[in-house]
Amino acid sequence: MKAMMMKDISNFHDNKTPLELVDLPDPVPSDNEVLVRISACGICHTELDEIEGRTPPPKLPVILGHEVVGRVEQTGKNATRFKAGDRVGIGWIYSACGKCSSCLSGNENVCSEFMATGRDANGGYAEYMTVPELFAYRIPDLFSDSEAAPFLCAGAIGYRSLRLANMENGLNLGLTGFGASAHLVLKMVRHMYPDSKVFVFARSQQEQAFARELGAVWAGDTGDEPHEKMHRIIDTTPAWKPVVEALKNLEIGGRLVINAIMKEEIDKGYLLKLDYPTHLWLEKEIKSVANVARRDISEFLEVASKIPIKPQFQEFALEEANQALVELKEGNIRGAKVLRIE
Ligand SMILES: [Zn+2]
Ligand SMILES: [Zn+2]
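None of these values were measured; they are calculated from a predicted model.

Here the focus is the overall build of the protein chain. A count of helices and strands for the protein chain gives ten helices and 18 strands. Since a compact globule built from 342 residues should have a radius of gyration of about 20 Å, the 20 Å found for the protein chain is in line with a globular shape. C-alpha extents for the protein chain along the principal axes are approximately 60 × 45 × 35 Å. Burial status across the protein chain gives 55% buried among its 342 residues. Counted over contacts in the protein chain with a minimum sequence separation of 6, partners at least 24 positions apart contribute 73%. Averaging the locations of the 39 positively and 48 negatively charged side chains of the protein chain gives two centres separated by 3 Å.

The structure is reproduced here in structure tokens:
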């Protein structure tokens, strides 16, 4: 099979072609796995983190890609959930132990044996991949392959953030940062919690305008103080200032959920502005989100097909993966980028 493979850690400044086109033997599914013939794989910012060594793969070379859509080509001896020809998706969670208390409570994303697709196991920048059948999901018919691919990451994580926020209809929700995941959260909230008001904190005027267009009752800058407090706030920024500023706007007993893989060191000093009475007193809570469990992916796909939400996307050939990654790195983003694999 053809695959775009990552062989070394590098940075885009010096190396605009970090992935290499290779020809490999087709993978063979083990007893509990399915072999998937890949038709689309979304491109995520996490690939930039892997290539540049911020989330380094434990072993190289590896095939990146964790927003995978394709059809089951072959099933392992004990794999019975799918039959050949079924359309499935695969997300960031590739496998977990299935036995620990986290796994048994449906939070297999925090299992100590968690493995990530396209980092700890080969992913979707290829014609085929194998995956444990329990970590593949049916894709609702409404979506094309390229439409469904970006949902397997940003959408599902946004959905988990809402779950961990313990959101309820009628509660005020704040969103700090307004990127891919946050804008999907806003669309979900309008559908799932129709009586809730959404407030968006974003630096760019363009993002603020986009948030109002999608139904936010208020949109302003990170440090702004709207006239109402929020019961729940979801932070999707890589910085600390929005966290401190969000706590100020939180209601009594409110919850702030931080949905960010990493926080940058650069504005960490802002945490010294933390003032106990203003930011934490009166039982305010802070919780982080660690990617996704299986339930988040399958439930989000259902919710997205009911609303419905359809992402904007731009297609590239498998061989153009480097070009797509460079464009993402340079901030040239017109909708999600998806590799279309023939
Ligand atoms: Zn991702
Ligand atoms: Zn486990």
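This paragraph deals with the pairing of strand β5 (residues 68-75). Across seven bridges, the pairing between strand β3 (residues 33-43) and β5 is antiparallel. Along β5, the bridge assignment pairs cysteine 41 with valine 68. Both β5 and strand β6 (residues 87-90) contribute to a ladder of four bridges, which runs antiparallel. Within β6, the residue paired with glycine 70 across the bridge is valine 88.

Residue proline 61 follows leucine 60 across a cis peptide bond; omega there is 0°. For proline 61, the location among the structural elements is in the loop between α1 (45-51) and β4 (62-63). A cis amide bond links isoleucine 307 to the next residue, proline 308, at an omega of -15°. At asparagine 166, a position not held by glycine, the phi torsion is positive, near 60°.

What the three strands build is an open sheet, ordered β2-β1-β4; its pairing is antiparallel. The outermost strands of the open sheet, each flanked by one partner alone, are β2 (19-23) and β4. Two elements, strand β1 (residues 2-6) and β4, share two bridges in a ladder whose sense is antiparallel. Within β4, the residue paired with methionine 6 across the bridge is valine 62.

Moving on to the coordination of the zinc ion (ligand 1). Summarising the metal site, the zinc ion (ligand 1) is bound by the protein donors Cys44 (SG), His66 (NE2) and Cys153 (SG), whose distances to it range over 2.0 to 2.2 Å. If you list the donors of the zinc ion (ligand 1) from N- to C-terminus, the spacing comes out as C-x21-H-x86-C. You can see histidine 66 sitting in the loop between β4 and β5 and its partner cysteine 153 sitting in the loop between α3 (145-148) and α4 (154-164), a full 87 residues away along the chain. Accessibility assignment for this pair places histidine 66 and cysteine 153 in one class, buried.

This brings us to the coordination of the zinc ion (ligand 2). Taken together, Cys97 (SG), Cys100 (SG), Cys103 (SG) and Cys111 (SG) make up the full set of protein donors to the zinc ion (ligand 2), lying 2.3 to 2.4 Å away. The sequence motif formed by the donor residues of the zinc ion (ligand 2) is C-x2-C-x2-C-x7-C. Assessed through its relative accessible area of 10%, cysteine 103 is described here as buried.

Each value, and the rule that gives it
- Residues numbered from 1 in each chain as written.
- Chains lettered and ligands numbered in written order.
- Predicted model: local features only at pLDDT ≥ 70, side-chain atom pairs only at ≥ 80, totals over all residues.
- Heavy atoms only, no water.
- Helix = DSSP H or I, 4+ residues; strand = E, 2+ residues; numbered from the N terminus.
- Rg over C-alpha atoms; globule rule 2.2 N^0.38 Å.
- Buried < 20%, exposed > 50% of the residue type's maximum accessible area, 1.4 Å probe, protein only.
- Contact = heavy atoms within 4.5 Å.
- Lys, Arg positive; Asp, Glu negative; His and termini not counted.
- Charge placed at Lys NZ, Arg CZ, Asp CG, Glu CD.
- Pairing = 2+ DSSP bridges.
- Donors = N, O, S within 2.8 Å, 3.2 Å for Na, K, Ca; no water.

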